[in-house]
Amino acid sequence: MTTFVLIPGAGGAAWYWSRVVPGLEGAGHTAIAVDLPGDDETAGLAEYAGLVTDASGGRTDVALVAQSLGGFTAPLVCAATTVASVTLVNAMIPRPHETPGDWWENTGAPEARAKAAAAGGYGDDINDPLTYFLHDVPPAIAAEGESHQRPESDAVFASSCDFTSWASDRVRAVAGSDDRLFPLEFQRRVARERLGIDIDVLPGGHLIALAHPDLLVEYLLHQ
């Protein structure tokens, strides 16, 4: 049996994993979706990592799964406790001591997004949730998620991700083939540059756990 510890992206709502948890539990595993205080201006990456580490409860069978901004919390958790594996899902992949705020320019994310938008014929307004986040999420699920949305504090984007190095032999990354926030080729490049690994690809956009939970569960179960 594996303990899946699930880190959400910006906003920190554990609800993001609500369609994945039942599938993991149905396969006989433990699944812990961690709720993070995304709108708390006093909480930075260190506090996020502390909450995730506490949630793991000292278990040694932990499969850490990090979505989007959660990629900045993952290496801090790995440094603080025993983790058997890490799966990055459409995730930001930090370098040691990088901040989430600096990551965008350091990786060329805005340019990659604009290029993909021009090629795909959709707008480049990152503040348009239908275009960048909900374009493949079932409407009923998107509506349910409205009550769980929280803004992400500036404190996190200014936090330094203070770790030494990735244990890349325990890390894998998966990307949605239609992720518009972090386009597929962009994710491939960043994973190769920063982890020295190739990414796996599943159908779906940025919020793959909401749009294609069964596919993501199957992927997570085959480590």
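The structure presented is a predicted model; accordingly, all values stated were derived computationally and were not measured.

What counts as what
Residues numbered from 1 in each chain as written. Predicted model: local features only at pLDDT ≥ 70, side-chain atom pairs only at ≥ 80, totals over all residues. Heavy atoms only, no water. Buried < 20%, exposed > 50% of the residue type's maximum accessible area, 1.4 Å probe, protein only. Helix = DSSP H or I, 4+ residues; strand = E, 2+ residues; numbered from the N terminus. Pairing = 2+ DSSP bridges. Right-handed = clockwise from strand over helix to strand, strands pointing away. Expected span 1.5 Å × (residues − 1). Arc of directions from axis to C-beta. Contact = heavy atoms within 4.5 Å.

**Some words on the pairing of strand β1 (residues 3–7)**
In step 1: Here β1 lies mainly inside the structure; five of its five residues are buried.
In step 2: Here β1 shows a buried face lined by Thr3, Val5 and Ile7 and a second buried face lined by Phe4 and Leu6.
In step 3: In this structure, β1 lies alongside strand β2 (residues 30–33), joined through four bridges in parallel fashion. Residue pairing across strands places leucine 6 opposite alanine 33, the latter belonging to β2.
In step 4: Running through helix α1 (residues 21–26), the crossover from β1 to the neighbouring parallel element β2 is right-handed.
In step 5: With five bridges joining them, β1 and strand β3 (residues 62–67) adopt parallel strand pairing. In the strand pairing of β3, phenylalanine 4 is matched with alanine 63.

**Notes on helix α9 (residues 184–195)**
An α-helical turn contains 3.6 residues, so a residue and the one three or four places further along point in the same direction.
In step 1: Over its 12 residues, α9 runs 16 Å from end to end, which matches the ideal 16 Å to within 8%, given 1.5 Å per residue.
In step 2: All buried positions along α9 are accounted for by Leu184, Phe186, Gln187, Val190, Ala191, Arg194 and Leu195. The buried residues of α9 occupy one face: seen down the axis, they fall within an arc of 155°.
In step 3: On its buried face, α9 sits against β4 (85–89), α4 (100–107), α5 (109–120), β5 (171–176) and β6 (200–202).
In step 4: In the stretch just after α9, glycine 196 is the one whose phi turns positive, near 70°.

Structural measurements only, silent on function.
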